[in-house]
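The residues making up each chain are set out below.
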Amino acid sequence: MNPEPMNPLPPYMQWAKTRPAARFDLANSNVLACSIEDLEGAPDRLTLSGRNDEGYVPLIEAIARRYGVAPANVATAQGTSGANFQVFATLLGPDDEVLLERPGYDPLAGAARLLRARVTRFDRPRESGYPLDPDRVRAATTARTRLIVVTNAHNPTGSRAGLAELEEIGRLAESAGAHVLADEVYLDAGGGTITPAAHLGDVFISTSSLTKSYGLAALRCGWTLSSVALAERIRRTRDVIDGTGPIVTEQLATLAFAQLDRLHERAMSLLSVNSTLARQFLNTRTDLDWFDPGISTVLFPRVRGVEDIGRFAERLLAERETAVVPGGFFDAPAHFRLGLGGTTESLRGGLERLGTALDERGW
């Protein structure tokens, strides 16, 4: 649990932006992108002016209605990454400590290091299905801890945290004078009731966006849900980051919220089919060990008997035009992240090529 060296660069994002294009792209974790036709009435909303000084008011009200909070609890951002960075910049100073899960999403650590905070890890163990274990969080907490960060659903495994575990971690944070940031960008991509962690008390902050679960990454519509006092602090932090969001995309995001139930059905229909297809494939592979989170945008198989699949992922892309994310970007190099949000045709073709490459074992 020693703090990690300060390196502000998130290597995953550099890889994601610069890797070659793939015919069968199983590395993306978004739901298939919507077209402009999927947003009914969109051409009528394309204007280049409007008031959005503290966020576009109709959008803030739409987010608040959707997630059962007051508009004063909402602060908007450029995607979930922007929302997370605004929270980090609001709460962390040099040498403050942030606790991050392992395996975990690399840019979260990068944001903390950029602010010269200290990064300490707690494990979500594979053997028991990647649970969020309050005892492991407790063991990692110190007097310097100011922020405990969890992803729910977990990136990269899709595992979902239970209410009792979140509440216990909230009590730990409160006793330590810290907050809990729940990155919930994958939360909507699943069944059951969607209840943001921010409902559990003022110690919690929820961040999310329209990106992963709705196929609307191009809008860059993100937000935080928090206490009224903290939301105001986050807005003031945004003043020195990017000021405010683009009015055009905020108007389109407001339109999307009016149709979000339909867009959610679109996503769930696709993910249901693709999750079944991936499950059928993985159940035939004795060389893969994997956790089944149910319907999810991502899975995180481990290749048995291999320490690092990085070279395999390179050859899979170069020789079979199929992309997966090497698990080394999540501190789990024997794994790879498999995205399920693309077309079923692409997933089927990619799984066929993945299976053939695994069978060859010439790597």
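For the structure, see preceding data.
First, a word on what this report is: a plain description of the structure on this page. Small disclaimer: the values here were computed from a predicted structure and weren't measured.

Time to look at the overall build of the chain. Looking only at helices and strands, the chain has eleven helices and 14 strands in total. Relative to its length of 363 residues, the chain is compact, with a C-alpha radius of gyration of 20 Å against a globular reference of 21 Å. The dimensions of the chain, computed from C-alpha atoms along their principal axes, are 55 × 55 × 35 Å. Taken across its 363 residues, the chain has 56% of its residues classed as buried. Pairs at least 24 residues apart make up 74% of the contacts formed inside the chain by residues separated by at least 6 positions. Accessible surface for the chain amounts to roughly 15200 Å². Of this, 51% is attributable to carbon and sulfur atoms. For the chain, the separation between the mean place of its 39 positive charges and that of its 45 negative charges on side chains is 2 Å.

Now for the packing of aromatic side chains. Within this structure, the stated rule accounts for nine aromatic pairs. On the numbers, 5.9 Å between centres and 65 degrees between planes, the contact of Tyr12 with Tyr105 is edge-to-face. You can see Tyr12 sitting in helix H1 (residues 11-18) and its partner Tyr105 sitting in the loop between strand E3 (97-102) and helix H4 (106-114), a full 93 residues away along the chain. Of the two residues, Tyr12 and Tyr105, neither departs from the other in class, the shared state being buried.

Turning our attention to the nonpolar core. The nonpolar side chains of a soluble globular protein tend to be buried with one another. By size, the foremost hydrophobic cluster in this structure holds 31 residues, and its most contacted members are Val87, Phe88, Val98, Leu100, Leu147, Val149 and Leu181. The element contributing the most residues to this core is H4, with four residues. Other than its neighbours up to four places away in sequence, Val87 contacts Leu147, Leu181, Ile205, Thr207, Thr224 and Ile234.

Another aspect to go through is the state of the cysteines. Counted under the stated rule, the structure contains zero disulfides. The thiol sulfur of Cys34 is not disulfide-bonded, and the nearest other cysteine sulfur, from Cys221, lies at 13 Å. On the basis of relative accessibility, which here comes to 16%, the residue Cys34 falls in the buried class. On the basis of relative accessible area, Cys221 is assigned to the buried category, the value being 5%.

This next bit is on the sheet that holds strand E4 (residues 118-123). Pairing in this open sheet of seven strands is mixed, and the strands run E2-E8-E7-E6-E5-E3-E4 from one edge to the other. The open sheet is flanked by strand E2 (74-78) and E4, the only strands paired with a single partner. Each neighbouring strand pair of the sheet contributes to a mean axis angle of 25 degrees, computed without reference to strand direction. Pairing of E2 with strand E8 (residues 221-225) involves five bridges; the strand directions are antiparallel. Along E8, the bridge assignment pairs Ala77 with Gly222.

The rules behind each value
For every chain, the first residue of its written sequence is number 1, and the numbers climb from 1 along that sequence. Residue-level local features of this predicted model are given only where pLDDT is at least 70; pairs of side-chain atoms are given and counted only at 80 or more, and the full residue set underlies all totals for whole chains, interfaces and linings. Side-chain numbers come from the whole structure's heavy atoms, not from hydrogens or water. Here a helix means four or more residues in a row that DSSP labels H or I, a strand means two or more in a row labelled E, and each is numbered from the N terminus. For the radius of gyration, the atom set is restricted to C-alpha positions; the globular benchmark scales as 2.2 Å times the number of residues to the power 0.38. For every residue, the accessible area obtained with a 1.4 Å probe (protein chains only) is divided by the maximum for its type, and the residue is called buried under 20%, exposed over 50%, and partly exposed between those limits. What makes two residues a contact is simply this: any of their non-hydrogen atoms within 4.5 Å. For accessible areas, the Shrake-Rupley method is used with a probe of radius 1.4 Å. Any residue's cover is judged against the shown protein chains and nothing else. Counting rule for charge: Lys and Arg are taken as positive, Asp and Glu as negative, and neither His nor the chain ends is counted. For charged residues, the charge sits on one atom: NZ in Lys, CZ in Arg, CG in Asp, CD in Glu. Between 30 and 60 degrees the pair is tilted, below 30 it is stacked and above 60 it is edge-to-face, where a pair is any two Phe, Tyr or Trp rings, Trp via its six-membered ring, whose centres lie within 6.5 Å. Grouping buried Ala, Val, Leu, Ile, Met, Phe, Trp, Tyr and Cys residues that are joined through side-chain atoms within 4.5 Å yields what is termed a nonpolar core. Disulfides are defined as cysteine sulfur pairs within 2.5 Å. Note: two strands are recorded as paired if DSSP finds a minimum of 2 bridges between them. Lines fitted to the C-alpha atoms define the axes, with helices restricted to the stretch that makes contact. Angles between their N-to-C directions range from 0 to 180 degrees.

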